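Next come the chains, spelled out residue by residue.
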Amino acid sequence: MTAADTRRGPRHARVPETAPRHARVPYTAARGPAIALTAVLTTFASVAGAVYVDLRGQMDVSGAHGLVISTPAPVATPAAPDDPFAGAAMNILVMGTDLRDEENAALAGEADGMRSDSTMLVHVAGDRTWAEAVSIPRDSLVDVPECLLPDGGRSRPRHTMFNEAFSIGAGSTRSMDHAAACTIGTVQALTGVTVTHHLVVRMTGVIDVVDALGGVRMCLPEPVDEDPRYGDLHLPAGDQRLDGWQAIGFLRVRHGTGMGLEMGSDLTRITRQQALVQAAVRELLAKDVLGDADELYGVARAVLGALTADPQLADPVRLAAFGYSLRGMDRTRIVFTDVPVAAARSDRNRVEWTSAADEIWQRLVTDTPPASLLPPPPETPPASPTEGAGTGDQPPPDVPVPPDPPAGGGTGEVPPPPVEEVLPGVCAT
């Protein structure tokens, strides 16, 4: 790939907006993960000595960014020298991996290769007033560019499922750095968005995080029963607390009955995954972990132990600085967005991004919030029925003059505060 190729903007399968939808219409809804990040990360700045060393030792450092080939044209972003994140928009690619090592095989069975199980591109605005997490369906048919391989060679570009990029980069040696680098390069080539940071979340690490929280409370609208050919997850309807093993099963389940399992779709699984994330965040917020040093330390240790991160995010003190920068963000200004898709023309069991996805990527490049976070346009008072009649600036005699509209427009009523939406399966209270 030449340098010119990387400046051509997003490249993916183009599907007309009139094409039949593979699943539900994409949506954007308010969520609150940044508050949870703040609750844990703002305390790291006071960690010193052996505590710092222990926490730092929990997280693996990734060198994937040095292996990325496909990179959009760089855009300069000023940053304070003492804080590499200050004032700069951040695009964090979060990759969940289903690497089938001995520990993960106990969860998901034996399988060859190494694929990303779920991927989110998390954009944090430069002014830290909003954030957006875009879920990328693993079954998307996309153009994966050439990637560096562990043996020093390069893979050939190909049109395949999005999550294959992770496996392609990993090569026969299952290199996590090369796997992440190929996925980063693929996202950058498809979207034109520069990935500034990345995290790889190990499947088994989720168990430790959930157990450190004491479980996650969920209120399932109906029973969730996994097809016995794929696993043995069985959750009743109603209010319940999921432990780590149940939580990872809920994140991974794809076939069965209940909460969209009948469709066997990755898109409905994304909705369930987002519900568990939201429930876990609410669990953390309800705990006042900042007031319990032992519990906070246990949660932080579990979270860091589940991650492989780029060098900047792998530093607890730098991570704390980032968390501190989110302290004033309104939880209603954090949104989850799905990539708009339609059934693939070549394979009805796969999806392709529609042209509407370009609007999302362009917003992230320009650090522009989605329409749902923009202030409503000012209301224009209705025109007087006598507008233009008479002479001068005064209405003709005997025509009542409408009263001035209340300050701020509208009816004068104070709008209710925004309400956090909850996904199906998340307890409302």
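Coordinates for the structure precede this section.
All of these numbers come straight from a predicted model, not from anything done at the bench. (Residues numbered from 1 in each chain as written. Predicted model: local features only at pLDDT ≥ 70, side-chain atom pairs only at ≥ 80, totals over all residues. Heavy atoms only, no water.)

1. A word on the packing of helix 6 (residues 203-212) against helix 7 (residues 244-252)
The description of two helices packed together rests on the angle between their axes and the distance between the axes. The condition that has to hold: In this analysis an axis means a line fitted to C-alpha atoms, helices contributing only their contacting stretch, and an angle means the value between N-to-C directions, from 0 to 180 degrees. Only DSSP runs of H or I with at least four residues qualify as helices, and only runs of E with at least two residues qualify as strands; both kinds are numbered from the N terminus onward. Oblique is the label for any angle not under 35 degrees, not over 145, and not in the 65 to 115 range, which are roughly parallel, roughly antiparallel and roughly perpendicular in turn. Whether a crossing is left-handed or right-handed is set by the direction in which the near helix is turned from the far one by less than a right angle, anticlockwise for left-handed and clockwise for right-handed. The contact rule is simple, with two residues in contact once any of their heavy atoms fall within 4.5 Å. Side-chain classes are defined by residue name, with Ala, Val, Leu, Ile, Met, Phe, Trp, Tyr, Cys and Pro counting as nonpolar, Asp, Glu, Lys and Arg as charged, and the others, Gly among them, as polar.
At their nearest, the axes of helix 6 and helix 7 sit 8 Å apart, and the two run at 135 degrees to each other. Taken together, the axis directions place helix 6 and helix 7 in an arrangement best described as oblique. Two packed elements cross with a definite hand, and for helix 6 against helix 7 that hand is right-handed. For the pair helix 6 and helix 7, the contacting residues are Met203, Val206, Ile207, Val210 and Asp211 in the first and Gly244, Trp245, Ala247, Ile248, Leu251 and Arg252 in the second. Its residues assigned to classes, the contact of helix 6 with helix 7 shows eight nonpolar, one polar and two charged.

2. Observations concerning the side chain of Thr119
The test is simple: Accessibility here uses a 1.4 Å probe with only protein chains present; expressed as a share of the type maximum, an area under 20% marks a residue as buried, one over 50% as exposed, and anything in between as partly exposed.
Structurally, the position occupied by Thr119 is in strand 4 (residues 116-124). Residue class for Thr119 comes out buried when judged on its relative accessible area of 3%. For Thr119, the residues in contact, after removing those within four places along its chain, are Leu93, Val94, Met95, Val134, Ser135, Ile136 and Phe162.

3. A word on the state of the cysteines
To keep it simple, the criterion reads: Only a pair of cysteine sulfur atoms within 2.5 Å qualifies as a disulfide here.
Per the counting criterion, the structure on display carries two disulfides. Residue Cys147 pairs covalently with Cys182 via a disulfide, S to S 2.1 Å. In this structure the cystine formed by Cys147 and Cys182 twists about its S-S bond by roughly 70 degrees; its chirality is therefore right-handed. One end of the pair, Cys147, is in the loop between strand 6 (141-144) and strand 7 (158-161); the other, Cys182, is in helix 5 (residues 176-191), with 35 residues separating them in the sequence. The class for Cys182 is buried, based on a relative accessible area of 1%. Across the chain, the way the bonded cysteines pair up, counted in sequence order, is 1-2, 3-4.

4. Focus: the nonpolar core
It is characteristic of soluble globular proteins that their nonpolar side chains tend to be buried jointly. Selection rule: What is meant by a nonpolar core is a set of buried Ala, Val, Leu, Ile, Met, Phe, Trp, Tyr and Cys residues, joined one to another through side-chain atoms within 4.5 Å.
Leu121, Val339, Trp353 and Trp361 are the most contacted members of the largest nonpolar core, which totals 36 residues. Put simply, the parts of the chain that give this core at least two residues each are strand 3 (90-97), strand 5 (131-136), strand 6, helix 4 (164-170), helix 5, helix 8 (266-285), strand 17 (351-353) and helix 11 (357-365). In contact with Trp361, not counting residues within four places along its chain, are Leu121, Val134, Thr191, Val193, Val339 and Trp353. Counting 23 residues, the second-largest nonpolar core is a separate cluster that includes Val206, Val216, Met218 and Ile248.

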